[in-house]
Amino acid sequence: EGKRAGRGGHRFFHAEMDDRLRERTALENDLRKAIADNVIIPYFQPVTELSDGKITGFEALARWPHPTRGMISPEVFVPIAEDLGLIDQICSSILRASCTVARDWPKPMTLSVNISPMQLKDPWLSTQILAILTETGFPPNRLIVEVTENAIIEDLDKAREVFQSLQNVGVRIALDDFGKGYSSLYHLRQLNFDHLKIDGSFVHAMNSPESAKIVSAVAGLGKSLGMPVTAEGVETTGEADRLRALGCEQAQGFLFGRPLDAVETAALLRGEANNVIRIDRSA
Ligand code: C2E
Ligand code: MG
Ligand code: MG
Ligand code: MG
């Protein structure tokens, strides 16, 4: 097809590249400004105990309300921030904002935050996190740091050090998206995690016997290593029932609640937003 398009095709291709580059540069500039202006905010998704349907905590998920493009997903801006070397700034600001919000929740709940594996290279990461805990007064033993595993963790010694200094004060570490990255088992053996989160792709595919077996094996692995297992992306009661039967302790997903802003989350915890939270376990 490239040949048929000939010269004109190439020119068109270049024009398209230029457009994409311009688009990317514009987004980068907007992102720099958004970070500087502190407009990236956390939404909170409930983490639910599968045994009784009770909410035990929330995961903070970054959201970028863009002035003209609407709400931009972290799937889009986190990789850009990583490229620009600005991901630690997003992490700090999400952590600070979510600790401030979570501190005032009417019930003692856990708070999970995401960090990029790239940040594990930063010798100041644990100091930074501990400083924000002190500054906001959020109890360290209610914080769970999720390491999203989309790359091999390069410096394992450094990562171990970061984990240890956080765990020393009671912060827990979760391996996020377990099963999605090729290096999961390697990381599990090399690093000391407190929680496992099974990637949503396995949960959605659970009607295939293979995926069900993987979920069951991961639940067993978590059990034998003493790590509670959380399933992500649970959308149906059927999925929740199967996960419970397979030995998963906790779940997150649209079935239990979509990510909410701070005000909606507080309302949900006060039991005011019954339409959002009531999980009819008899259904
Ligand atoms: P994650 O940590 O694995 O978060 C789960 C993602 O699944 C979230 O997407 C959530 O909104 C979505 N989700 C939850 N329940 C369901 C469901 O039932 N069905 C489906 N289809 N999706 C569901 P989100 O918020 O777009 O975040 C995407 C990823 O971006 C996160 O994956 C995490 O890796 C990353 N991320 C989010 N916030 C931050 C942050 O503050 N810092 C860093 N470094 N990464 C972040
Ligand atoms: Mg996560
Ligand atoms: Mg995940
Ligand atoms: Mg994910």
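Keep in mind it's a predicted model, so treat the numbers as computed, not measured.

Trainee: Help me understand the site of ligand 1, please; the structure alone is not making it clear to me.
Mentor: In the region of ligand 1, 26 residues are neighbours, and R63, D176, E232, E235 and F254 sit closest. In the environment of ligand 1, an oxygen atom lies 2.9 Å from a nitrogen or oxygen atom belonging to the side chain of N114. Surface burial for ligand 1 is 83%, taken as the share of its 800 Å² of free accessible area covered by protein chains. Among the detected pockets, ligand 1 sits in the largest pocket. Counting residues per element, the ones that place at least two in the shell around ligand 1 are β2 (55-66), α2 (74-84), α3 (87-103), β4 (110-115), β5 (143-148) and β6 (172-178). No other element matches β2, which puts four residues into the shell around ligand 1.

Trainee: I'm lost on the coordination of the magnesium ion (ligand 2) in this one. Help?
Mentor: Where a metal carries four tetrahedral donors, each ideal angle is 109.5 degrees; where it carries six octahedral donors, the ideal angles are 90 or 180 degrees. At 2.0 to 2.2 Å from the magnesium ion (ligand 2) lie its protein donor atoms, namely E59 (OE), N114 (OD1), E146 (OE) and D176 (OD). Donor residues for the magnesium ion (ligand 2) sit on one chain with the sequence pattern E-x54-N-x31-E-x29-D. Here the magnesium ion (ligand 2) and the magnesium ion (ligand 3) are spaced 4.0 Å apart, and both take D176 as a donor. Here N114 lies in strand β4 and E59 lies in strand β2, a separation of 55 residues in the sequence.

Trainee: What's the story with the pairing of β2 in this structure? I'm lost.
Mentor: Side-chain direction in a regular strand flips from residue to residue, so the side chains alternate between the two faces of the sheet. A large share of β2 lies buried, amounting to 10 of its 12 residues. Sheet topology places strand β1 (residues 41-49) next to β2; eight bridges connect them, and they run antiparallel. Counterpart to Y43 in the pairing with β2 is L61. Linking β1 to β2, which pair antiparallel, is a turn of five residues; within it G53 sits at a positive phi near 75°. Relative to β4, β2 is paired through three bridges, and the arrangement is parallel. Along β4, the bridge assignment pairs F58 with L111. Direction of pairing for β2 relative to strand β3 (residues 70-72): antiparallel, over a ladder of three bridges. Each residue of the ladder has a partner; that of H66, found in β3, is G70. The hairpin turn running from β2 into β3, its antiparallel successor, is three residues long.

Trainee: What should I look at first to understand α3 in this one?
Mentor: At 3.6 residues per turn, the α-helix brings residues three or four places apart onto the same side. Helix length check: α3, at 17 residues, gives a terminal C-alpha distance of 24 Å against a target of 24 Å (1.5 Å per residue), a fit within 8%. Turning to α3, its buried residues are I87, I90, C91, S92, S93, I94, L95, S98, C99 and A102.

Trainee: Hey, could you run me through the packing of aromatic side chains in this one?
Mentor: Within a pair of aromatic rings, the relevant descriptors are the distance that separates the centres and the angle that separates the planes. Applying the stated criterion across every chain, the model contains four aromatic pairs. Ring centres 5.4 Å apart and planes at 85° place the aromatic pair F44 and W105 in the edge-to-face group. You can see F44 sitting in strand β1 and its partner W105 sitting in the loop between α3 and β4, a full 61 residues away along the chain. We note that F44, like W105, is buried. For the pair F58 and W105, a centre-to-centre distance of 4.8 Å together with 50° between the ring planes defines the contact as tilted. One end of the pair, F58, is in strand β2; the other, W105, is in the loop between α3 and β4, with 47 residues separating them in the sequence.

What counts and how
- Residues numbered from 1 in each chain as written.
- Chains lettered and ligands numbered in written order.
- Predicted model: local features only at pLDDT ≥ 70, side-chain atom pairs only at ≥ 80, totals over all residues.
- Heavy atoms only, no water.
- Near = heavy atom within 4 Å.
- Polar contact = N/O pair within 3.5 Å; in protein donor to acceptor, adjacent residues only side chain to side chain.
- Areas by Shrake-Rupley, 256 points an atom, 1.4 Å probe, with all protein chains shown as cover.
- 1 Å grid on protein atoms, 1.4 Å probe; cavity = no way out; pocket = protein on both sides within 12 Å on 5 of 7 lines; lining within 4 Å.
- Sits in = over half its atoms within 2 Å of the grid points.
- Helix = DSSP H or I, 4+ residues; strand = E, 2+ residues; numbered from the N terminus.
- Donors = N, O, S within 2.8 Å, 3.2 Å for Na, K, Ca; no water.
- Buried < 20%, exposed > 50% of the residue type's maximum accessible area, 1.4 Å probe, protein only.
- Pairing = 2+ DSSP bridges.
- Expected span 1.5 Å × (residues − 1).
- Phe/Tyr/Trp six-rings, centres within 6.5 Å; stacked < 30°, edge-to-face > 60°.

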